[in-house]
Amino acid sequence: MAEAVANDPIVKVREQVINSGVATSDELDAIVAQFEKEFDEAVEFAKNSPFPELSEVTTDMYGVA
Amino acid sequence: MSDPKMITFTQAYTQALDEAMAADPNVVLLGEDIGDKEGGGVFKVTAGLSKKYGAERVRTTPISEQAIIGAAIGASLAGMRPVAEIMFMNFITVAMDQVVNHAAKLRFMSGGQTPVPITIRTRTGAGTGNGGQHSDMLEAWFAHVPGMKVVIPSTPADAVGLLRACIEDDDPCLFIEDGVTRIVKGEAPPSNHKIPLGKAHVEREGNDVTVISYGRPMQDIRKIAETLSQEGISVEVIDLRTISPLDTDTIVNSVKKTGRAVVAHEAVRSFGVGAEVVARIQEYAFDSLKAPVLRVASKDATVPFARTLELEFLYKGSDIEAAIRKTMEEK
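Bear in mind the structure is a predicted one, so any value in this text is a computation, not a measurement.

Residue and element names in this part refer to chain B. Taken in spatial order, the five strands make up an open sheet running 9-11-10-13-14, and their pairing is mixed. With one partner strand each, in any of the chains shown, strand 9 (201-204) and strand 14 (294-298) form the two edges of the open sheet. Recorded for the sheet is a direction-independent mean angle of 25° between the axes of neighbouring strands. Sheet topology places strand 10 (residues 209-213) next to strand 11 (residues 235-239); five bridges connect them, and they run parallel. Following the sheet pairing, V211 is matched in strand 11 by V237.

Below is the structure:
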């Protein structure tokens with residue numbers, strides 16, 4: 001298990017990105033923070049929105065049918 | 001009057017692509033060997049187009065249908081109108097995730113914010129000994145996926161008009177080309193010919209029986225309708241043109257008038273477009289029916305390679321004629 005965790009591709013790719021000079025640790029943290037904020041806002045928006053109208057079940061299947 | 005200009009189906013596809021690329025710089029083509037350096041496509045549909053519009057807009061891809069459709073979807077989200085070529089329809093099975101889970105669904109799942117205006121051109125059809133993995137008519141599979149549009153032309157002129165309409169349409173369209181009749185000729189359409197999607201075409205008016213079909217069998221049906229008219233049997237011929245969304249009104253209005261119907265397609269018989277058309281007729285025109293609605297189709301079998309078996313597998317024009325006569329036995 002510890003070996004699998006050590007080989008976590010998400011962790012490893014982060015290390016590779018930093019080690020290869022593509023982005024700094026701070027820059028990556030900022031990207032993650034930005035997306036976490038977007039997700040949190042989306043969750044809040046969804047919680048505060050009414051469920052869709054039942055008539056919308058087929059809306060947006062096609063542009064012009 | 002001089003004779004009308006005639007073109008083959010293949011020339012029709014090329015004309016539509018050429019006109020679409022000239023009209024809109026966002027139209028790009030991608031597929032295996034479609035560039036002129038690679039021969040202009042295995043069936044020469046894209047011949048000359050990379051010379052005319054550049055290899056940036058006519059892109060030869062690796063042999064990866066998943067990548068072809070995935071790239072087309074991505075490009076369409078970024079504002080382009082990609083036309084992807086899948087050399088044989090059976091090969092689209094490799095890209096079903098891209099077609100079914102992404103192309104057909106992104107508009108709905110984004111609340112209408114991300115339409116996927118791609119056109120997938122593909123070729124298929126039994127009759128030239130290409131064997132089971134290169135011959136299937138799979139239109140019903142895609143018609144069963146809401147969000148997809150499925151289009152099959154039956155004349156070169158319709159091929160031009162329908163392919164142009166697919167490319168300009170904001171939904172993912174599957175445009176199916178018949179491989180067997182690709183060198184058959186028909187009257188050339190005027191330039192910039194476009195035919196609305198989702199509308200069936202009453203090609204011949206008649207009073208006794210409605211024959212509903214699309215694609216290659218239309219060529220049999222035109223002759224049969226003419227022959228039967230000599231005997232006083234008046235056949236109304238409907239070419240669906242667009243399989244999905246299906247034009248229920250045109251079918252139902254016709255069957256209400258004639259009271260008899262035959263549906264014919266090349267695809268295998270069971271669970272197909274024929275079944276859907278028959279269902280809609282009985283839902284909306286049952287009271288007008290004088291006879292059971294009949295289906296003509298190819299056999300529920302893998303398309304065989306052996307010439308004799310391939311012909312045995314395929315629907316026959318004589319089956320369509322016999323079905324029409326059978327519906328006429330009911331008064």
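Let us look at the confidence of the model for chain B. Taken as a whole, chain B shows an average pLDDT of 97; of its residues, 100% reach a score of 70 or greater. Overall fold confidence for the complex sits at a pTM of 0.93, while the interface term, ipTM, reaches 0.84.

All names here are of chain B. Counted by the stated rule, this structure contains four aromatic pairs over all chains. When the ring of F9 is compared with that of Y13, the centres are 6.4 Å apart and the planes differ by 45°; the resulting orientation is tilted. You can see F9 and its partner Y13 sitting in helix 1 (residues 9-23), four residues apart, about one turn around the helix. Each of the two residues, F9 as well as Y13, counts as buried. Taking the centre distance of 5.5 Å and the plane angle of 85° together, the rings of F43 and F88 count as edge-to-face.

The rules behind these values
- Residues numbered from 1 in each chain as written.
- Chains lettered and ligands numbered in written order.
- Predicted model: local features only at pLDDT ≥ 70, side-chain atom pairs only at ≥ 80, totals over all residues.
- Heavy atoms only, no water.
- Pairing = 2+ DSSP bridges.
- Helix = DSSP H or I, 4+ residues; strand = E, 2+ residues; numbered from the N terminus.
- Axes fitted to C-alpha atoms, helices over the stretch in contact; angles between N-to-C directions.
- pLDDT = per-residue confidence, 0-100.
- Phe/Tyr/Trp six-rings, centres within 6.5 Å; stacked < 30°, edge-to-face > 60°.
- Buried < 20%, exposed > 50% of the residue type's maximum accessible area, 1.4 Å probe, protein only.

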